[in-house]
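# Residue-level structural notes
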Amino acid sequence: MRTARESRVRPLSGEASRWWRRSLRASVALASVATPLAAQAPDSARVNIYRYVLDVDPPDAAAFVALDVSGPKVLRGSAPKPFMASVTVRPATGQSTAVGGALDLSPYYLFGGGLRTLRSYRANSVAGRLLRVLTKTVVSVGAITDPSEPDGWRAGFALRTTFHDPHDPVLNSRLPETVDSLLDALGVEAEPLARESLADLGVDLAPVFARYRRQMRARGDVQVTAGWGLAGRVAGGALDADSLEGFRSTLWITGQHATGDRYDVLLTAALRNAFRSDGALRVGAGVQRKSEPADLRSSSPTTTAPAGCCQVAPSRSIPATGCWPRPRWVPSRR
């Protein structure tokens, strides 16, 4: 006959026992890689840089900027994602609405790039810097309906690149080394290198990525991004050489500076139709309040001036009181 104590103590099942052993090994491995003595992957090791893309700070769709339907006029300076899809629904005249979509895609990603050595990716030579700019260049195409004309719509095309990115986790953190050390400690193979996701390895890497995500978002310095795009109206519902009307160009540059864990300062300058008589310069500044579920972006009224004018004058009158910028909620992840 078993005693009461013996009846309460039961051995773990095989599956539960394996789960506890794996969790213990993961905890020990994570603690070990967090120390300065942790094993570090050599700079000559090849990695897939797209494994370490952080799901924060998605930039505004470049084609929407060219179409002037991006929402906030003060843009983020964050680096682009390898692939991004955006949708916008905007009120138009009367009861009608304009619906549009855009796709942003990195040619470097599209044609199979991403397998690099850490040494080459982190090189500060001219060639190394130019290759990083190429890596962070995207092509964007988009369109939006034009309720003012039946079967009318507007199309946009844009290029966007990031020249300086202090929030790059491969360049400015030990995220690749930390992940490799953790997987090695657990005896998990992350091959082949062409694998762009680590989600199906059976290892919970969320705490590691969360730690580096907070570290990168709080890192100072200024992200600098620029873009150029064309947009115009397409009449007749068909895209051909005879249907393109009223195309305009937009050249913009934007900077984003992190002051800490909570706030970013944003500054954007956009030049429209630079070589035409109706060219204009638009400048705006804003603040982004960062949080986990969403980011709150608040910007000042943008000001405009003729492209050839040195003095920037407000495009509309601003009352002496009650002119606080209107905040706009922007999802922090997509």
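Please read these numbers as outputs of a predicted model, since none were measured by experiment.

## Remarks on the overall build of the protein chain
What the protein chain contains, in helices and strands, is nine helices and 14 strands. Taken across its 334 residues, the protein chain has 40% of its residues classed as buried. In the protein chain, of all internal contacts separated by at least 6 residues, the share reaching a separation of at least 24 is 67%. When the accessible surface of the protein chain is totalled, it reaches about 18,500 Å², and 60% of it is carbon and sulfur.

## A look at the side chain of T161
Note on placement: T161 falls in strand β6 (residues 153-164). The class of T161 is buried, set by a relative accessible area of 11%. Within polar-contact distance, the side chain of T161 engages the side chain of T137 at 2.8 Å. Ignoring anything within four residues of it in the chain, the contact list for T161 reads V133, K136, T137, T225 and A226.

## Some points on the pattern of salt bridges
One pass over the full model with this rule turns up 14 salt bridges. Close ionic contact of R174 with E177 constitutes a salt bridge, the shortest N to O distance being 3.5 Å.

## Side note on a nonpolar patch on the surface
On the surface, F83, L103, V141, F157, L159, W228 and L251 cluster together into a nonpolar patch covering about 620 Å² of accessible area. Within the element layout of this structure, V141 appears in strand β5 (residues 137-145). The exposure class of V141 is partly exposed, given its relative accessible area of 42%.

## Details of the confidence of the model for the protein chain
In the predicted model, the protein chain carries a mean pLDDT of 77, and the fraction of residues at 70 or more is 73%. Here residues 28-40 scores under 50 on pLDDT; set against residues more than four positions off or in separate chains, the count is 15 contacts. Predicted confidence for residues 308-334 stays below pLDDT 50, and this span has 57 contacts to residues more than four positions away or in other chains.

## Some thoughts on the environment of R129
The residue R129 is located in helix α6 (residues 126-135) in this model. Remark: the alpha-carbon pair of R129 and H164, spanning 35 residues in sequence, is separated by 9.0 Å. If we ignore the near neighbours within four places in the chain, the residues touching R129 are A123 and N124.

## As for the pairing of strand β3 (residues 97-105)
Alternating positions in β3 separate cleanly, A98, G100, A102 and D104 being buried on one face and T97, V99, G101, L103 and L105 remaining unburied on the opposite face. Two strands pair when backbone bridges link them, and strand β2 (residues 83-91) and β3 are joined in this way by nine bridges, in the antiparallel orientation. Its bridge partner lying in β3, T88 is registered against G100.

## A word on the packing of helix α8 (residues 175-186) against helix α9 (residues 206-218)
Between α8 and α9, whose axes approach to 11 Å, the crossing angle comes to 165 degrees. Taken together, α8 and α9 sit at an angle that is classed as roughly antiparallel. Helix-helix and strand crossings are classified by hand; for α8 and α9 the assignment is right-handed. Across the interface between the two elements, L175, T178, V179 and L182 from α8 touch V208, F209, R211 and Y212 from α9. Each residue belonging to the contact of α8 with α9 can be placed in one class, and the counts come to six nonpolar, one polar and one charged.

## Looking at the nonpolar core
With 25 residues, the main nonpolar core has L175 and V179 as its most contacted residues. Where this core is concerned, the elements lending two or more residues are α5 (118-121), α8 and α9. When residues in this core are grouped by element, the largest group, five residues, is from α8.

## Brief notes about the side chain of T162
Tracing the sequence through the fold places T162 in strand β6. For T162, the side chain forms a polar contact with the side chain of T225, separated by 3.2 Å. Contact partners of T162, with chain neighbours within four places excluded, come to S78, A79, P80, V133, K136, V224 and T225.

## Comments concerning α8
Helix length check: α8, at twelve residues, gives a terminal C-alpha distance of 17 Å against a target of 16 Å (1.5 Å per residue), a fit within 8%. Among the twelve residues of α8, nine are classified as buried, and the element is accordingly described as predominantly covered. Just beyond α8, the residue with positive phi is G187, at close to 70 degrees.

## Description of the pairing of strand β11 (residues 294-299)
If a strand is regular, its side chains alternate between the two faces of the sheet. Examined bridge by bridge, strand β10 (residues 280-289) and β11 share four bridges and lie antiparallel to one another. In the strand pairing of β11, R289 is matched with L296. Counting the residues in the hairpin turn of β10 and β11 gives four residues.

The rules behind these values
- Per-chain numbering applies: the sequence of each chain, read as written, is numbered from 1 onward.
- Where local features are concerned, this predicted model is filtered to residues with pLDDT of at least 70; where side-chain atom pairs are given and counted, the filter is 80 or more; whole-chain, interface and lining totals use all residues.
- For the side-chain quantities, the full set of heavy atoms in the structure was used; hydrogens and water were omitted.
- Strands here mean DSSP runs of E at least two residues long; helices mean DSSP runs of H or I at least four residues long; both are numbered from the N terminus.
- To sort residues, take the accessible area from a 1.4 Å probe on protein chains only and compare it with the maximum for the residue type: under 20% means buried, over 50% means exposed, and anything in between is partly exposed.
- Throughout, a residue-residue contact means that at least one pair of heavy atoms, one from each residue, lies within 4.5 Å.
- Reported accessibility uses the Shrake-Rupley method at a 1.4 Å probe radius. Residues are deemed covered only where the shown protein chains occlude them.
- The term polar contact refers here to a pair of N or O atoms within 3.5 Å; inside protein, the definition further demands a hydrogen-donor-capable atom paired with an acceptor-capable atom, and it admits residues adjacent in sequence only when both atoms are side-chain atoms.
- Definition used for salt bridges: Asp or Glu carboxyl oxygen within 4 Å of a side-chain nitrogen of Lys or Arg.
- Like-charged residues within 9 Å of one another, or nonpolar side chains (Val, Leu, Ile, Met, Phe, Trp, Tyr) within 5 Å, are grouped into patches, provided each residue has over 30% relative accessible area and no salt bridge.
- As a per-residue quantity, pLDDT reports the predictor's confidence and falls between 0 and 100.
- Whether two strands pair comes down to DSSP finding at least two bridges between them.
- Structural elements are reduced to axes, namely lines fitted to C-alpha atoms, with helices fitted over the stretch in contact, and the angle between N-to-C directions of any two is expressed from 0 to 180 degrees.
- In what follows, roughly perpendicular refers to angles from 65 to 115 degrees, roughly parallel to angles under 35, roughly antiparallel to angles over 145, and oblique to any angle outside these ranges.
- In a left-handed crossing the near helix is turned counterclockwise from the far helix by less than a right angle, and in a right-handed crossing that turn is clockwise.
- In this count, Pro and Cys sit with the nonpolar residues alongside Ala, Val, Leu, Ile, Met, Phe, Trp and Tyr, while Asp, Glu, Lys and Arg are called charged and the others, Gly among them, polar.
- Put simply, buried Ala, Val, Leu, Ile, Met, Phe, Trp, Tyr and Cys residues joined by side-chain atoms within 4.5 Å make one nonpolar core.
- Under the convention used throughout, the expected extent of a helix is 1.5 Å for every residue step, that is, one less than its residue count.

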